[in-house]
Every structure is written in structure tokens, then in C-alpha cells.
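A closer look at the structure
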Amino acid sequence: MAVRTGTHVTPARSRIDDLDTKLIALLHERRRISAGIQRDRLANGGVRTDTAREREIFRRYRSEFGSAGTTLSSTVLEICRGRLGAERAHHAIEPETGPLRLGTFSFANCGTVRWGLADVPTETGTPAAMAAALLVGEVDVAPISLVEYLRHHDELLALPGLAIGSDGPVLSCQLFTRGPLEDLAGGRVALGSTSRTAALLATVLLAEWAGVDVEYRVEPPVLADMLRQADGAVLIGDAALAETLHPRPGLRVHDLGALWRDWTGLPMVFAVWAVRRSTAARRPDDVRAAHAVLLEAAGRGAANLADVAESLAHNGLFSGDELTRYLGTLDHSLGERQLAGIRHFAKLAARHGDVAEDADLTFFGGDA
Ligand SMILES: O=C(O)C(=O)C[C@]1(C(=O)O)C=C[C@@H](O)C=C1
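Note that the structure is a prediction, hence the values are computed from the model and not measured.

Now for the site of the ligand. Lining the immediate environment of the ligand, one finds Ser-34, Ile-37, Gln-38, Thr-49, Asp-50, Arg-53, Glu-54, Ile-57, Leu-77, Cys-80 and Arg-81. The set of elements that each furnish at least two residues to the shell around the ligand consists of α1 (11-43), α2 (51-65) and α3 (67-81). For the shell around the ligand, the domains that each give at least three residues are domain 1 (7-43) and domain 2 (52-159 + 272-340).

Next up on the list: the domain arrangement of the chain. According to the domain assignment, the chain contains domain 1 (7-43), domain 2 (52-159 + 272-340) and domain 3 (173-264). Centre-to-centre, using C-alpha coordinates, domain 1 lies 29 Å away from domain 3.

Moving on to the packing of α3 against helix α5 (residues 127-136). Interaxial distance between α3 and α5 falls to 8 Å at its minimum, and their mutual angle equals 80°. Here α5 runs roughly perpendicular to α3, going by the angle between their axes. Across from Thr-70, Thr-71, Ser-74 and Leu-77 in α3, the residues of α5 making contact are Ala-128, Ala-129, Ala-132 and Ala-133. Of the residues that constitute the contact of α3 with α5, the class distribution is five nonpolar, three polar and no charged.

Right, let's talk about the packing of α2 against α3 for a bit. Across the interface, α2 lies against α3 with an axial gap of 7 Å and an inter-helix angle of 140°. Classified by the angle their axes make, α2 and α3 are oblique. In the packing of α2 onto α3, the handedness of the crossing is right-handed. Here Glu-54, Ile-57, Phe-58, Tyr-61, Arg-62, Glu-64 and Phe-65 of α2 lie close against α3, whose contacting residues are Ala-68, Gly-69, Thr-70, Leu-72, Ser-73 and Leu-77. Residues of the contact of α2 with α3, tallied by class, amount to seven nonpolar, three polar and three charged.

Next up on the list: the pairing of strand β3 (residues 102-105). Side chains Leu-102 and Thr-104 project from β3 onto one buried face, and the interleaved Gly-103 and Phe-105 project onto a second face that is buried too. For the crossover from β3 across helix α4 (residues 111-117) to strand β4 (residues 122-125), the handedness is right-handed.

Let's shift gears to the confidence of the model for the chain. For the chain, the mean per-residue pLDDT works out to 90, and 93% of the residues sit at or above 70. Prediction confidence for the complex, expressed as pTM and ipTM, is 0.81 and 0.97 respectively.

Reading across the sheet, the five strands line up as β9-β8-β10-β7-β11 and stay open at both edges, with mixed pairing between neighbours. Only two strands of the sheet have a single neighbouring strand rather than two, namely β9 (215-219) and β11 (252-255). Neighbour-to-neighbour, the strand axes of the sheet open up by a mean angle of 25°, direction not taken into account. Pairing of strand β8 (residues 188-192) with strand β10 (residues 232-236) involves three bridges; the strand directions are parallel. Bridged to Leu-191 within β10 is Val-234.

With that settled, consider the nonpolar core. Counting 96 residues, the largest nonpolar core has Ala-142, Ala-202, Leu-256, Val-272 and Ala-274 as its most contacted members. The element contributing the most residues to this core is α5, with nine residues. Split by domain, the residues of this core number at least three in each of domain 2 (52-159 + 272-340) and domain 3 (173-264). Setting aside anything within four residues of it in sequence, one finds Leu-256 in contact with Val-170, Cys-173, Gln-174, Leu-175, Ala-198, Leu-201, Ala-202 and Leu-205.

This part is about the environment of Thr-97. Locating Thr-97 in the fold gives a position in the loop between α3 and β3. Taking the C-alpha atoms as reference points, Thr-97 and Ile-236, separated by 139 residues in sequence, lie 36 Å from one another.

Basis of the calculations
- Residues numbered from 1 in each chain as written.
- Predicted model: local features only at pLDDT ≥ 70, side-chain atom pairs only at ≥ 80, totals over all residues.
- Near = placed C-beta within 6 Å.
- Helix = DSSP H or I, 4+ residues; strand = E, 2+ residues; numbered from the N terminus.
- Domains from an automatic or database assignment.
- Axes fitted to C-alpha atoms, helices over the stretch in contact; angles between N-to-C directions.
- Parallel < 35°, antiparallel > 145°, perpendicular 65-115°, else oblique.
- Contact = placed C-beta atoms within 7 Å.
- Nonpolar A, V, L, I, M, F, W, Y, C, P; charged D, E, K, R; others polar.
- Left-handed = near helix turned anticlockwise from the far one by under 90°.
- Buried ≥ 20, exposed ≤ 12 C-beta atoms within 10 Å, placed from the backbone.
- Right-handed = clockwise from strand over helix to strand, strands pointing away.
- pLDDT = per-residue confidence, 0-100.
- Pairing = 2+ DSSP bridges.
- Core = buried A, V, L, I, M, F, W, Y, C linked by C-beta atoms within 7 Å.

This is the structure:
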């Protein structure tokens, strides 16, 4: 199909359309074949996933496309086998020696820690990609969205004293609507596919606080497309930040961190840093060292927010001032109030059936 920009068709765009059509067809074919392998494995008493194979695939994409390859492979695998489920099938392959592999999010919400880490080698990717990389053993210590942590709480330990959250507005976990929240009743809300915790937070807030019953659909995180089919849209990360700092006329922006604090009086934690229990058991000293490096990096970044903002501004998406404001609203602490926020959220999330009743945070080293 040809695309028109203005009045004329651009041949290059119609070639891209053709290629996308082929990629989509290939993905359908890949999903069919993958489903066959998974079915055979399950029929023979095995589990749905094969960690060693997933690591090979991760590496292949990463060697082609760098950190975007990490994200791409996790998305391709998610299309073919669904999200990594609660089945305990990962059996991550542990590195025997060498430094632990650290992960960070590619979003600005990890900018402070990334800046502080300076030359320490890290893998970066979207929250969904990092969760998969941590669970299959492609990274050893990484941030993970709170919901993914709670879903996999018996495989992971959280690192004390470090989180990504907000005590009030967060600016990057947002619900966009055309009218007041009450008007969503009986309508539809699109949940951006990159979001885990914010999507669940929005469903909890709408059901329990606003008292509106809504139909939800997971969609690619493109606001204009999401709102074409739905009355509201949940978006996270840099895309949400851009739509919040420069709001579209006629749209209302509901900050999920602010709504949560107004409702509960508590901070919201969107992500924690975690390590696999198996890695913590086998290499406790290395995990302690990695934890110290991360805490120091977070401290160094926090003490130099304007420089962090400047470094992030280079990607051209936001100005240094906008980023300084954003980074200043983020709360990287994980103290008593944040823990109370996590526990309160976990209870509500369990009521909505998305995490187990007993899901809780367990810390590496045994304390908070
Ligand atoms: O190769 C397999 O064993 C598959 O099941 C296919 C596939 C894939 O889609 O590539 C899907 C799930 C597994 O965890 C690993 C790979």
C-alpha cells in the first residue's frame, strides 16, 4: 500500500510498507512454528520456555542491533511465547566468574543512575526487555518493574535502598483522557504495551478510587493511535514525559503518581533493582559489590542532576531544564514509606488478580 505525504506518494515509504508487511507475515510464521515447538515440549512433560535458547536469540539480536536488539528480541519472543509467565521455567544460567552484568532502563527515569555509573559496562533496554533479560540470566542485577518483581518474587531478591518512584507527581506514568475520569465509565482504556506497573496502577485507581468500570486493551504505545480506538490511554517513559511536558490541546493528563499519593498518602514505587536468588546464593560478595556500585552511582548522579540532565538532553527529546525538573521529581529512595506504598499496592494488585496474594518484597542481605 502506498503512503501519501501531502499530495504525492513517496516510493520509499511504499517500499517500507512492503517491508513491514513482510516482517509482520514473517512474525506470524515465526509465532506458528514457535507455538509448535512449545506444544511438543509441553506434551513431553517439559515447560513452555527454553532459557538457553532464548539467550542465544538475545545474543544474536544484540550483536546486530546493540541494546535495541535486546529490546527487539524480547518483543519477538513475547509475540511468540507470550509474556514470561508465572511458570517457574527460567532456570537462568549463572555466570561462574567475571563481573556481574548490570542492566539499566534506556528511559530517562534511569538517567541519574546511568550517569553515575559512568564507564561501568551496562546493558540497557526497555523495562519489558530488562525483566526478560534478568529472568533468563542475560543480566544479573537490573531494575525491574514492580509488577514483574511481584510476579516473580520467589525467583528474585530486591536490592535495599534503591528504587524508581515518586512521592507525588511522576510525569512519566500518565493516563490521558478527553474528559473527566468519571466519563470513562463503560468506555475503553488502551494500555501501552511497554507498561506493566503503571498499567496495573491505572486499573487499580480507576476501579477502586474513581469507581469506574472500564474495558482494557493492550496497544502499541503511540498516543494518537491509542486514543483513536479508546477513551483513555496509559503511557509510560519518555513518550509519556513528552506528552506531559507538551500536552496536546483537548487532552487531560492524569499523573498516576500524583493520583496514588492523593488517594493513599504514600509514595509509588514503579521499579526496584533486583538480583536472581540463585545468583545471590552463589555469588553474594559480587552482588554486595554491585549493590555498592549502584548506590554510589545513584548518589553521584543525584548530586549532579543538572549534569545528568545535560547528558540526557543530547538525545534532543527534552531540554536540560525540562529534564532537571523531571529528574528532580523522581524518588530513588526505598525507605519505610516507599515500602508501605509497595505493600499497599501489592494487596490491591492481588485483588485485581494480577499478582499472587503472598507477593512481597524480600531483600538481598535480609533487610531494607
Ligand atoms: O526454540 C524453542 O525451543 C522454542 O520454543 C521457540 C522459542 C522462540 O520463539 O524462539 C520460544 C520459546 C522458548 O523459550 C525459546 C524459543
